[in-house]
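# Structural overview for review
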Amino acid sequence: MASRESIEKQLREGRSQIDLATSKSSSVLFALIIDGRSLAFALDKSLEELFLKIAVDCSSVICCRSSPKQKALVTKMVKEGTRKTTLAIGDGANDVGMLQEADIGVGLVAVMASDFAIAQFRFLERLLLVHGHWCYRRIAMMICYFFYKNIAFGLHFYGLKPMLLSLATRLHDWYMSFYNVFFTSLPVIALGVFDQDVSARLCLKYPLLYQEGVQNILFNWPRILGWMFNGVLSSMIIFFICKNSTIHQAFREDGHVIDYEILGVLMYTCVVWAVNCQMALSINYFTWIQHFFIWGSIFFWYVFLVIYGYINPLWSTTAYRVFVEACAPSPFYWMTTFLVVVSTLLPYFLYRAFQRGFIQCIMMRFKEDGRKVVRR
């Protein structure tokens, strides 16, 4: 019969065996099997830490004949003790507590208590290796891109020069409100739904791709800070090129220089183009929906300028016919937009080109080394 003393003794013996194998650099794999009665003692506060250390160092842990509460407690212990993302799979009502305690719950019968529902256990492989891999990349890219596009929009209007305070007051509130609603949001949604770095067949063929999410390769501080730096760089390029190329330059046929209303529209146009084209460079798998959202968002910006510009000036204020009468007829407006967008995308384009070239060189080196080994 299980007792606290016997369970503690067995746990310490197991710990010593694992430590001995580790000190000898042995490749022996360990498994832990514990039943419900023994688990009741192992989950005691005095033994919980020892039990967790042994369980983490084992290749497999089987908790048999355990109660629904014990399943939930084990899940909670692993989640809080390791601070890792936990996934629980259950096929009955007795697994509800475990499914709700885990970060991700996959249920077969307890559908209402789970995050994902599958009809059969064989679908679990595709759920993890295919959809799990895709979703991790999509979510990581979406969050990084949100940092990028909001920094690229906000800095050059609010943080670079004192003169931008007067420029910001010239930008209508609808410009600010529609940026994250209509002009840049739909491409991000399409990215989060449709993007794929590799096909489902390759995900199943190479399960090691799933380690991208386990090791958190794509969503870490260096990557987030890299996208934030890209946003700062984009905002600086847009601001300084627009400002230095237009201020004190004759913009209209009558010789009038550009004013803040036109400069604001020009900079906003460059931001919309740059941010959406950046998305086009970042996407791995294009569908017609993504093309429609990316280029449609840019087109909608011009449609909005035309329609809003014809509203009564009491409402449209600084936007009244600014595009139709001042921006659209000017070749300088279109040339500046093209120059700014190309300059903004160039750093990221060069980075991706270098990255792809570097990876290809490594792959070629591996192939050459493999051929030499085969010849030998």
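Let me sum up the structure you'll find in this document. Every chain is numbered on its own, with residues counted from 1 as its sequence reads. Note on the predicted model: pLDDT of at least 70 is required for a residue's local features to be given, and 80 or more for side-chain atom pairs to be given and counted; whole-chain, interface and lining totals, by contrast, use all residues. Only hydrogens and water are removed before side-chain values are computed, so all heavy atoms of the structure are retained for them.

## Some points on the overall build of the protein chain
Per the convention used, a helix needs a DSSP run of H or I reaching at least four residues, while a strand needs a run of E reaching at least two, with both numbered from the N terminus. Counting its secondary structure elements, the protein chain contains 17 helices and five strands. Per-residue accessibility, obtained with a 1.4 Å probe over protein chains only, is compared with the maximum for each type, and a residue is labelled buried under 20%, exposed over 50%, and partly exposed between these values. The buried share among the 376 residues of the protein chain stands at 39%. Contact criterion: two residues are considered in contact whenever any of their non-hydrogen atoms come within 4.5 Å of each other. Once local pairs closer than 6 in sequence are excluded, the contacts in the protein chain between residues at least 24 apart make up 69%. By element, 64% of the accessible surface of the protein chain is carried by carbon and sulfur atoms, the whole surface being about 22000 Å². Note on areas: these come from Shrake-Rupley sampling with a 1.4 Å probe, and a residue is covered only by the protein chains present in the view.

## As for the sheet that holds strand β3 (residues 87–90)
In this analysis, strands are considered paired if DSSP registers two or more bridges between them. One open sheet holds the three strands; their spatial order is β3-β4-β5, and the pairing between them is parallel. In this open sheet, the two edge strands, each paired with only one partner strand, are β3 and β5 (116–117). Strand direction decides the pairing type here: β3 and strand β4 (residues 104–107), joined by four bridges, are parallel. Counted as the bridge partner of Ala-88 is Gly-105 from β4.

## Quick look at a nonpolar patch on the surface
Together, Leu-281, Leu-346, Phe-349 and Leu-350 make up an exposed nonpolar region whose accessible area comes to about 360 Å². Per-element accounting of the nonpolar patch gives the leading share, three residues, to helix α17 (residues 331–375). With respect to the element layout, Leu-350 can be found in helix α17. For patch building, the residue pool is restricted to those with more than 30% relative accessible area and no salt bridge; the joining distance is 9 Å between like charges and 5 Å between nonpolar side chains (Val, Leu, Ile, Met, Phe, Trp, Tyr). For salt bridges, the criterion is a side-chain nitrogen of Lys or Arg within 4 Å of an Asp or Glu carboxyl oxygen.

## Digging into the environment of Cys-203
Relative to the assigned elements, Cys-203 resides in helix α10 (residues 200–205). Measuring from C-alpha to C-alpha, the distance between Cys-203 and His-133 comes to 7.8 Å, with 70 residues separating the pair along the chain. In this structure, Cys-203 is in contact with Leu-129, Val-130, His-133, Trp-134, Val-198 and Leu-209, ignoring residues within four places of it in sequence.

## Points about the packing of aromatic side chains
Here the aromatic set is Phe, Tyr and Trp, taking the six-membered ring for Trp, and pairing holds for ring centres within 6.5 Å; pairs whose planes are under 30 degrees apart are stacked, those over 60 apart are edge-to-face, and all others are tilted. Inspection of every chain in the model, using the stated rule, returns 25 aromatic pairs. Note on Phe-153 and Tyr-268: the rings are 5.7 Å apart at their centroids and 80° apart in plane angle, and the pair reads as edge-to-face. Taken together, the residues span a long stretch of sequence, with Phe-153 in helix α6 (residues 124–158) and Tyr-268 in helix α13 (residues 260–282) at a distance of 115 residues. The pair Phe-153 / Tyr-268 is uniform in exposure class, with both members buried. Measuring from centroid to centroid gives 6.2 Å for Phe-323 and Trp-334, while their planes differ by 80°, and the two rings are edge-to-face. With Phe-323 in helix α16 (residues 322–327) and Trp-334 in helix α17, the pair connects residues that are eleven residues apart, well separated along the chain.

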